[in-house]
Amino acid sequence: MKLHQKGFLLVTLSKNNRLWDDELIVQTFIEYNISGDYCEKTLRIALDELSAAGLITRVEEKLEANNKQAKLLFRYQLSDFGRARMIDTGLLNG
Amino acid sequence: MAHYTTSEATLAQTLHKHYARNQRWGFMWALWTAILWGAWYVPGTALWFEHPYVDIPVDHQSTRLAATAVMTWIHAITVFFFLLLWNTVLGKVKDYGRTMVRFRKISKWYALASLCGGPMAIFGSYMAMGFIGPVFAAISSLFYPVIGAVIARLWYKEKISKRAAIGMCIIIFGGMVIYGPSLFGEMGASNPNAWLGYVGGIMSAIGWGSEGAVAGRAMDVSDPDVGIHCRFSFEILFWGLLILPVLATFTDLPIKDLIIGTVTHGKAMLWIVLAASCHAYCYTAFYKSFSLIGVGRGEAIGNLYAVFALIFIAAFTLQLPQWYFIVGLVLTVLGSFVMFSESAESVAQLRDNGDINNGDTNSNTAKGLL
């Protein structure tokens, strides 16, 4: 069985040093065969939650012109605490 | 250079807006928790006035406790179906399955949270409603945010700012104003079993306080909507496969009759469905707020449930609360607003990550607490 989506986001980040949220979202879309604005928003909220909880940290941010509205993008990195919590919860081998 | 400065300013402004929006959502979810939780006390108490519960004499302590266990179990099953509907609409049912199966490392925390929240808090609250009354039940667990905040602070280093601490103190003081007079015999003097209600009130405070902190650990790596679904799934299993079968087998309590009596009485089921709908979405909002503003803050704002409970109870029973309830409620609201006025950026990072260097440190702290 596949990992739950938040678990997948964490594992993907753990395999890469730093990733932009757009890259993470694309990889999640491919993994779960999903798409669309709603799924994208759900994943961005999941990243906000992971960041608020201190499991991942925002290392860079930028504004991207997208049609009429500027889109705020974040570059994430797994924190030491996130790595520790992943080991605690079996998402990463210690 | 001027262009660069403008871009930087725009970025900073957008970032501030982003954090403020997250904080607003977190507090909004916590406020929904309070409203729905407050509403829950009306059908929760009305249930005691329907068959088969109204038939149980006041002095039959053990039967009334068994009835509380049965109503809590049926309530949990109904909540499960409301959450199934919620997660189906949100498209998270598959994620629910993926989270449930990881028991050894993730969903076991939801199982533990369900023990704190179900057999302890909800059961305790139904006891308080049944043995004393809804107003007492509503106010008796006002202390739970403090228990949650202290556990969250000790266990996974969640920050409690000075302002949040002041807000919590005001909330606790408000709770004491409401709770104090009852301790000096103004309430429940005519009921010899009132002590069970008091015990229930304490159980609900400890249960809900610890549930938030325990569930928070699993929610670090899983979805809150899915998490609450897991938590109620485990509660159903604890009652249905363990507690109620043990009571039915080893005691002469009428567990089977109470279950049949509840599901065959339309009015009892109507109150349970209403109570469960309030509780399902109150809990969903509760868990969602934890993810965005932290266990301590989520629980403190959720504490406003006492205000809404008293308003709903007064509206349905046409009885106004005592003056000291109003004083306590004003303090509780004030405390919550002190917490709400915290800056958006400080809420954005909830953990003292620098304090935690490795998983061992954290695990050992957790083991120490559990």
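Reading guide: rules and limits
- Residues numbered from 1 in each chain as written.
- Chains lettered and ligands numbered in written order.
- Predicted model: local features only at pLDDT ≥ 70, side-chain atom pairs only at ≥ 80, totals over all residues.
- Helix = DSSP H or I, 4+ residues; strand = E, 2+ residues; numbered from the N terminus.
- Rg over C-alpha atoms; globule rule 2.2 N^0.38 Å.
- Buried ≥ 20, exposed ≤ 12 C-beta atoms within 10 Å, placed from the backbone.
- Contact = placed C-beta atoms within 7 Å.
- Pairing = 2+ DSSP bridges.
- Nonpolar A, V, L, I, M, F, W, Y, C, P; charged D, E, K, R; others polar.
- Expected span 1.5 Å × (residues − 1).
- Arc of directions from axis to C-beta.
- pLDDT = per-residue confidence, 0-100.

Counting its regular elements, chain A contains 4 helices and 3 strands. The N-to-C order of helical and strand elements in chain A reads α-β-α-α-β-β-α. Relative to the 2.2 N^0.38 estimate, which gives 12 Å for 94 residues, the radius of gyration of chain A is 13 Å and therefore close to what a compact globule would have. Along the longest, intermediate and shortest principal axes, the C-alpha atoms of chain A span 45 × 30 × 20 Å. Burial status across chain A gives 40% buried among its 94 residues. Summarising the internal contacts of chain A: among those between residues at least 6 apart in sequence, 49% fall at separations of at least 24.

Before going further, it helps to spend a moment on the pairing of strand 3 (residues 69-78) of chain A. Residues and elements named next belong to chain A. Two strands pair when backbone bridges link them, and strand 1 (residues 19-20) and strand 3 are joined in this way by 2 bridges, in the antiparallel orientation. Residue pairing for strand 3: Trp20 is matched across the bridge by Arg75. Pairing analysis gives 10 bridges linking strand 2 (residues 56-66) to strand 3, with the strands arranged antiparallel. Paired with Ala65 across the bridge in strand 3 is Ala70.

Turning to the interface of chain A and chain B, a few remarks are in order. Across the boundary between the two partners, chain A contributes 30 residues, which contact 32 residues of chain B. Contributions of two or more residues to the side of chain A that touches chain B are made by helix 1 (5-15), helix 3 (37-52), strand 2, strand 3 and helix 4 (80-88) of chain A. Top contributing element to the side of chain A that touches chain B by residue count: helix 4 of chain A, with 6 residues. Of the residues belonging to the side of chain A that touches chain B, the class tally is 14 nonpolar, 8 polar and 8 charged.

With that out of the way, let us pick up the sheet that holds strand 1 of chain A. Across a sheet, paired strands are connected by hydrogen bonds in the backbone, their directions being either parallel or antiparallel. Strand order in the open sheet formed by 3 strands is 1-3-2 (chain A), with antiparallel pairing between adjacent strands. A single partner strand is all that each edge strand has here, and the edge strands are strand 1 and strand 2 of chain A.

What follows concerns helix 2 (residues 21-32) of chain A. Residue and element names in this part refer to chain A. Under the 1.5 Å per step criterion, the end-to-end length of helix 2 is 16 Å for 12 residues, consistent within 8% with the ideal 16 Å. Buried within helix 2 are the following residues: Asp21, Leu24, Ile25 and Thr28. Projected down its long axis, helix 2 shows its buried positions confined to an angular sector of 100°, all on one face. Where helix 2 is buried, its residues meet helix 1, strand 1, helix 3 and strand 3. Just past helix 2, the residue Asn33 takes up positive phi, approximately 55°.

What follows is about the confidence of the model for chain B. All names here are of chain B. Of the residues in chain B, 85% have a pLDDT of 70 or more, and the chain-wide mean is 81. Across residues 353-370, where pLDDT falls below 50, the model places 26 contacts with residues more than four positions away in sequence or in other chains. Reported confidence for the predicted complex is 0.93 by ipTM and 0.84 by pTM.

As a further point, take helix 3 of chain A. Look at helix 3 of chain A: 22 Å from first C-alpha to last across 16 residues, which is about the 22 Å you get at 1.5 Å a residue. Residues of helix 3 of chain A that are buried include every one of A:Thr42, A:Leu43, A:Ala46, A:Leu47, A:Asp48, A:Glu49, A:Leu50, A:Ser51 and A:Ala52, and no others.

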